[in-house]
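Residue strings, one per chain:
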Amino acid sequence: NAGVTQTPKFQVLKTGQSMTLQCAQDMNHNSMYWYRQDPGMGLRLIYYSASEGTTDKGEVPNGYNVSRLNKREFSLRLESAAPSQTSVYFCASSEASTGRNTIYFGEGSWLTVV
Amino acid sequence: GNSVTQMEGPVTLSEEAFLTINCTYTATGYPSLFWYVQYPGEGLQLLLKATKADDKGSNKGFEATYRKETTSFHLEKGSVQVSDSAVYFCALSDLSGNQFYFGTGTSLTVIP
């Protein structure tokens, strides 16, 4: 029961470095999401993809890019990391066909930018 | 627009105490409502959900009832355990199913 798998789990970056967070789901879901979680601010949506080949901005997209590589995979890229991007990042997926579906989360990626 | 407001924490309870975490929502139409739980160092896990008015979601002793008249989905448990210590998130999904809206989370600590 893999569900949503994201890598890496921990990463330390220097300011200005780039990196890509990888995410894959094995539930054949159409929709995938990237959230960030910061203390006292709950979950904030960065980008989402309603289907293969489409992506849309969420609440906090600045400084990030995404790629929906295929139905299974949705990656998040930081082109030039900044300390403000220190956060915990969660990938998620849902079927999203009827509005009655559940969203499933990965275990998180802890990113520190120094 | 859609939004979720939940009770601010942190909440500290003694083992076997009664738990209520309040959640109210603003939404168009009849969204689905959820409670998620996050244990330290882990992702969010679905705790329970309800998809229409007056539905009651339940799991692991937790319950929440979808109240359209008060736009609420309060989480309750009759007797909490130390293992229930976690952060709890109330959420809704819009009618398209593409968007989910989360509250800011309520941290619960249960002491023996």
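Scroll up to find the structure.
Residues numbered from 1 in each chain as written. Chains lettered and ligands numbered in written order. Predicted model: local features only at pLDDT ≥ 70, side-chain atom pairs only at ≥ 80, totals over all residues. Heavy atoms only, no water.

Draft legend 1. Region of interest: the overall build of chain B. Helices and strands together make up the secondary structure of chain B, namely zero helices and twelve strands. Along chain B, helices and strands appear, N-terminal first, in the series β-β-β-β-β-β-β-β-β-β-β-β. Projected onto its principal axes, the C-alpha positions of chain B cover 40 × 30 × 20 Å. Sorting the 112 residues of chain B into buried and exposed places 45% on the buried side. In chain B, once contacts between residues fewer than 6 apart in sequence are set aside, the share between residues at least 24 apart is 56%. Of the accessible surface of chain B, which amounts to about 5,000 Å², a share of 49% is contributed by carbon and sulfur atoms. (Helix = DSSP H or I, 4+ residues; strand = E, 2+ residues; numbered from the N terminus. Buried < 20%, exposed > 50% of the residue type's maximum accessible area, 1.4 Å probe, protein only. Contact = heavy atoms within 4.5 Å. Areas by Shrake-Rupley, 256 points an atom, 1.4 Å probe, with all protein chains shown as cover.)

Draft legend 2. Seen up close, the interface of chain A and chain B. Across the boundary between the two partners, chain A contributes 24 residues, which contact 25 residues of chain B. At the boundary of chain A with chain B, total buried surface from both sides reaches about 1,800 Å², with 51% on carbon and sulfur atoms. Where chain A packs against chain B, one counts zero salt bridges. Scanning the region where chain A abuts chain B turns up four residue pairs in polar contact (both at pLDDT 80 or more). Those elements that place two or more of their residues in the side of chain A that touches chain B are strand 4 (31–38), strand 5 (42–49), strand 9 (87–94) and strand 10 (103–105) of chain A. (Buried area = accessible area lost by both parts, 1.4 Å probe. Salt bridge = Lys/Arg side-chain N within 4 Å of Asp/Glu carboxyl O. Polar contact = N/O pair within 3.5 Å; in protein donor to acceptor, adjacent residues only side chain to side chain.)

Draft legend 3. Broad picture of the pattern of salt bridges. Residue and element names in this part refer to chain B. Overall, the coordinates contain seven salt bridges over all chains when judged by the stated rule. A salt bridge links Asp55 to Lys52; its shortest N-O distance comes to 3.3 Å. Lys56 is the salt-bridge partner of Glu63, the closest N and O atoms lying 3.6 Å from each other.

Draft legend 4. Highlighting the packing of aromatic side chains. Under the definition given, this model contains 15 aromatic pairs over all chains. Seen from their ring centres, Tyr35 of chain A and Phe102 of chain B are 5.6 Å apart, and the 85 degrees between their planes marks the pair as edge-to-face. Of this pair, Tyr35 of chain A sits in strand 4 while Phe102 of chain B sits in strand 11 (residues 100–102), placing the two residues on different chains. Exposure class is identical for Tyr35 of chain A and Phe102 of chain B. Each is buried. Relative to Tyr66 of chain B, the ring of Tyr25 of chain B has its centre 6.0 Å away and its plane inclined at 75 degrees; by these criteria the two rings are edge-to-face. Residue Tyr25 of chain B is found in strand 4 (residues 23–26), and its partner Tyr66 of chain B is found in the loop between strand 8 (62–65) and strand 9 (75–77); the two are separated by 41 residues along the sequence. The pair Tyr25 of chain B / Tyr66 of chain B is uniform in exposure class, with both members buried. Put simply, the rings of Tyr33, Tyr35, Tyr48, Phe90 and Phe105 of chain A together with Phe34, Tyr36, Phe100 and Phe102 of chain B touch in pairs and so form one group of aromatic residues. (Phe/Tyr/Trp six-rings, centres within 6.5 Å; stacked < 30°, edge-to-face > 60°.)

Draft legend 5. Here's a closer look at the nonpolar core. Trp35, Leu47, Leu48, Phe73, Leu75 and Tyr88 of chain B are the most contacted members of the largest nonpolar core, which totals 25 residues. Ranked by residues supplied to this core, first place goes to strand 10 (residues 86–93) of chain B with four residues. Core analysis: the next-biggest nonpolar cluster, separate from the first, contains 20 residues, Trp34, Ile46, Tyr64 and Val113 of chain A among them. (Core = buried A, V, L, I, M, F, W, Y, C linked by side-chain atoms within 4.5 Å.)

Draft legend 6. Quick peek at the sheet that holds strand 7 (residues 64–68) of chain A. Residue and element names in this part refer to chain A. Taken in spatial order, the four strands of this open sheet run 1-3-8-7, and their pairing is antiparallel. Looking along the sheet, the strands with just one partner apiece sit at the ends: strand 1 (4–7) and strand 7. Strand-to-strand twist in this sheet, taken as the mean axis angle between neighbours without regard to direction, amounts to 15 degrees. (Pairing = 2+ DSSP bridges. Axes fitted to C-alpha atoms, helices over the stretch in contact; angles between N-to-C directions.)

Draft legend 7. Just the state of the cysteines, in detail. The final tally for this structure, using the stated rule, is two disulfides over all chains. Residue pairing for Cys23 of chain A: its cysteine sulfur links by disulfide to Cys91 of chain A, the two sulfurs lying 1.8 Å apart. Torsion about the S-S bond of the Cys23 of chain A and Cys91 of chain A cystine: about -75 degrees, corresponding to left-handed handedness. Here Cys91 of chain A lies in strand 9 and Cys23 of chain A lies in strand 3 (residues 19–25), a separation of 68 residues in the sequence. Covalent S-S linkage joins Cys23 of chain B and Cys90 of chain B, the inter-sulfur distance amounting to 1.9 Å. One disulfide, between Cys23 of chain B and Cys90 of chain B, carries an S-S torsion of -70 degrees and so falls in the left-handed class. In this pair, Cys23 of chain B sits in strand 4 while Cys90 of chain B sits in strand 10, placing the two residues 67 residues apart along the sequence. In terms of burial, Cys23 of chain B and Cys90 of chain B fall into one category: buried. (Disulfide = S-S within 2.5 Å.)

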